[in-house]
Amino acid sequence: MTDSVEFESSMMSVPDKTLLGLYWTMLRIRKVQLKIAEHYHEDEMHTPVHLCIGQEAIAAGVCANLRTEDYVFSNHRGHGHYLAKGGDLNALIAELHNKEKGCSRGRGGSMHLIDTSVGLLGSSSIVGGGVPIATGAALGAVLRKSDQVSVAFLGDAATEEGIVFESISFAVLKQLPVIFVCENNFYAVYTPLNKRQSHDDIYRHFEGLSIPCFRVDGNNVLETYSIAQEAIERARSGDGPSFLECRTYRMTDHHGGESGVEVGYRTQAEVDHWSAKCPVECYERFLIEKRVLSFEDVKVVGDQIDSEIESAFEYARSSPLPDGDGVLRYVMAE
Ligand SMILES: Cc1ncc(C[n+]2csc(CCOP(=O)(O)OP(=O)(O)O)c2C)c(N)n1
Ligand SMILES: [Mg+2]
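Residues numbered from 1 in each chain as written. Chains lettered and ligands numbered in written order. Predicted model: local features only at pLDDT ≥ 70, side-chain atom pairs only at ≥ 80, totals over all residues.

Trainee: With reference to specific residues and values, describe the overall build of the protein chain.
Mentor: Counting its secondary structure elements, the protein chain contains 11 helices and eight strands. In terms of overall size, the protein chain behaves like a compact globule, its C-alpha atoms giving a radius of gyration of 19 Å where 334 residues would be expected to give roughly 20 Å. Along the longest, intermediate and shortest principal axes, the C-alpha atoms of the protein chain span 50 × 50 × 40 Å. Expressed as a percentage of the 334 residues in the protein chain, the buried residues total 47%. Within the protein chain, counting contacts between residues at least 6 apart in sequence, those at least 24 apart form 75% of the total. (Helix = DSSP H or I, 4+ residues; strand = E, 2+ residues; numbered from the N terminus. Rg over C-alpha atoms; globule rule 2.2 N^0.38 Å. Buried ≥ 20, exposed ≤ 12 C-beta atoms within 10 Å, placed from the backbone. Contact = placed C-beta atoms within 7 Å.)

Quick look at the structure:
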C-alpha cells in the first residue's frame, strides 16, 4: 500500500513509457536540487537559489503534456520547470556559477532561466511577472494561427498580484490557449497562506471570471499529469484557458538548502507531515508495487542521473566567467 498519495485512480490508460518518463523527470529534478544544496555553501554559485524540492511533480506532470514548441514561462523557483521542459542541464549549472556558457550567459543567475530551443522563453523574478508574458505569448500563437499553447507557472503569493487577475480576465475574453499553473506551497517567503488570505481555496478566486478552475494534488504526479492533459488539450483545440491550483509544499527554506524550521516560521511537525507525501518517494514506491519499476532500475537510473549531474558541475566549474570588458553586455543596468 502506498500511504499518503493515491495514484491508482489516475494511472488508467497512462502507458508505461510515460509512467517511467515522469519518474525520471522528477528524480532528475530532485537530484539536481540536492546537488545544488550540497555545494551551495562553497560560495561558487553567486546567486540566490530557490529550490523546488517537494514540488517536482507539478513541473513534471504539466510539461510531460507539452510539445517542444509550446511555451513555458517560469518564476524565481524555476529549476524544475526549466528541466521538465527540456532545458539544457549544463547551461543551468553554468548559469548558477555565473559562467558565460550559462543559459543567461551567467548574467541572470537562478531566477532568470531561459532555453528558447525548447520553448522555455524565460523566467521572471518579479512575483507574477511571467503571467502576462505567457498570456501575450498565447495571443501571439493565436494571431499566427499556430496551435502552440502557453503555460505560466506561478506561486500562491503571485495570485495576490493584480496583474494575474488582469491576465486571466484578458485570456478568458480572448479565449487564449494559456494554462495558469499555480503551485500552492502555502507560503510567501515566511508568511503562511492563512495569514494572508481568509480562505485556502485559491482555485475558486478566479471562477467568477468564467475560467475552468481545478484543485489538484500537486504531490501526485499522475493526477497533475491527467488534469493538465485535459487543460492543455482544451487550450490547443481553441476552447480557451484553464487555471490549476496544485497543492504542494517546498521541503527546503524559501531559498537555500536549509529546512526553514530553524528560522521559526514553520514547525518540524509540519515538515514531517509533508515529507510523508514526498512526490518522488511515494511515486517510486507505487511504480515498484505495480512492477513498472524494479529496485535494480531505481539504482541504474539514479546512477545515470548522478553521473550526468557530476559532469554538469565539472562543465560549469571549468568554463570561463564572462570576460572583464564584456561583463556589462546584455544587462540593462550599469
Ligand atoms: C512584485 C514582487 N514583490 C515581492 C517580491 C519579493 N518576493 C520574492 S519571492 C516572494 C514570495 C513568492 O511566493 P510565491 O509566489 O508563493 O512563490 P514561492 O516562493 O512560494 O514558490 C516574494 C514576496 C518580488 N520578487 N516581486
Ligand atoms: Mg508560495
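Next comes the rest of the account.
Trainee: How would you explain the site of ligand 1 if you had to name every residue and give the values?
Mentor: By nearness alone, 14 residues border ligand 1, and Arg77, Val127, Gly155, Ala157 and Ala188 come closest of all. Tallied by class, residues from the shell around ligand 1 come to seven nonpolar, five polar and two charged. (Near = placed C-beta within 6 Å. Nonpolar A, V, L, I, M, F, W, Y, C, P; charged D, E, K, R; others polar.)

Trainee: Let's hear about the nonpolar core: which residues, and what values?
Mentor: With 87 residues, the main nonpolar core has Met26, Val151, Ala152, Ile179, Phe180, Val181 and Leu244 as its most contacted residues. If we ignore the near neighbours within four places in the chain, the residues touching Val151 are Val62, Leu66, Tyr71, Val72, Ala134, Ile179 and Val181. (Core = buried A, V, L, I, M, F, W, Y, C linked by C-beta atoms within 7 Å.)

Trainee: Explain the packing of helix 2 (residues 16-40) against helix 11 (residues 295-318) to me, using residue names and the numbers behind them.
Mentor: The relative placement of two packed helices is expressed as an angle between their axes plus a distance between the axes. Look at helix 2 against helix 11: their axes get within 10 Å of each other, and the N-to-C directions meet at 45°. As judged from the angle between their axes, helix 2 and helix 11 are oblique. Here the hand of the crossing between helix 2 and helix 11 comes out right-handed. Judged by residue contacts, Trp24, Leu27, Arg28, Lys31, Val32 and Lys35 of helix 2 engage Val301, Gly302, Ile305, Asp306, Ile309 and Phe313 from helix 11. Class assignment of the residues belonging to the contact of helix 2 with helix 11 gives a composition of seven nonpolar, one polar and four charged. (Axes fitted to C-alpha atoms, helices over the stretch in contact; angles between N-to-C directions. Parallel < 35°, antiparallel > 145°, perpendicular 65-115°, else oblique. Left-handed = near helix turned anticlockwise from the far one by under 90°.)

Trainee: Provide a residue-level description of helix 11, including the pertinent values.
Mentor: The periodicity of an α-helix, 3.6 residues per turn, causes residues three or four places apart in sequence to face the same way. In a regular helix each residue adds 1.5 Å, so 24 residues correspond to 34 Å; helix 11 covers 35 Å between its end C-alpha atoms and thus fits that length. Taken residue by residue, helix 11 has Ala312, Phe313 and Ala316 as its buried positions. Its buried side turned inward, helix 11 meets helix 2 and helix 5 (89-96). (Expected span 1.5 Å × (residues − 1).)

Trainee: Please give an account of the environment of Ala269 that cites residues and values.
Mentor: With respect to the helices, strands and loops of the structure, Ala269 is situated in helix 9 (residues 268-275). Using a count of 8 C-beta atoms within 10 Å as the deciding quantity, one classes Ala269 as exposed. Along the backbone, Ala269 and Asn184 are 85 residues apart, and their C-alpha atoms lie at a distance of 19 Å.

Trainee: Go over the pairing of strand 3 (residues 150-155) with me, naming the residues and quoting the values.
Mentor: Here strand 3 lies mainly inside the structure; six of its six residues are buried. On strand 3, burial covers both faces: Ser150, Ala152 and Leu154 on one face and Val151, Phe153 and Gly155 on the other are all buried. Across three bridges, strand 1 (residues 71-74) lies against strand 3 in parallel orientation. Residue pairing in the sheet places Tyr71 in a bridge with Ser150 of strand 3. At this point the chain moves from strand 3, through helix 7 (residues 162-174), to the parallel strand 4 (residues 178-184), and the crossover so formed is right-handed. (Pairing = 2+ DSSP bridges. Right-handed = clockwise from strand over helix to strand, strands pointing away.)

Trainee: Quick one: what's the story with the sheet that holds strand 8 (residues 242-247), residue by residue and with numbers?
Mentor: Read across the open sheet, the six strands follow the order 2-1-3-4-8-7; overall the sheet is parallel. The open sheet terminates on both sides in strands that have one partner only, identified here as strand 2 (120-123) and strand 7 (213-217). Across the sheet, the mean angle separating the axes of adjacent strands is 20° when strand polarity is ignored. Relative to strand 2, strand 1 runs parallel, the two being bridged by three bridges.

Trainee: Explain unusual backbone geometry to me, using residue names and the numbers behind them.
Mentor: The bulk of non-glycine residues show a negative phi, and the bulk of peptide bonds are trans. In this structure, Asn98 is a non-glycine residue whose phi angle is positive, near 65°. Residue placement: Asn98 occurs in the loop between helix 5 and strand 2. Overall, Asn98 belongs to the buried group, with 21 C-beta atoms counted inside 10 Å. Even without a glycine there, the phi angle at Ser210 is positive, about 65°. Along the chain, the position of Ser210 falls in the loop between strand 6 (191-192) and strand 7. In this structure Ser210 comes out as exposed when scored by C-beta crowding, with 12 C-beta atoms within 10 Å.

Trainee: How would you sum up the environment of Cys63? Please name residues and give values.
Mentor: Here Cys63 lies in helix 3 (residues 56-63). Taking the C-beta count within 10 Å as the criterion, Cys63 has 27 such neighbours and is therefore assigned buried. Taking C-alpha positions, Cys63 is 12 Å from Ile227, a pair spaced 164 residues apart along the chain. Once residues within four sequence positions are removed from consideration, Cys63 is found in contact with Val72, Ala84 and Lys85.

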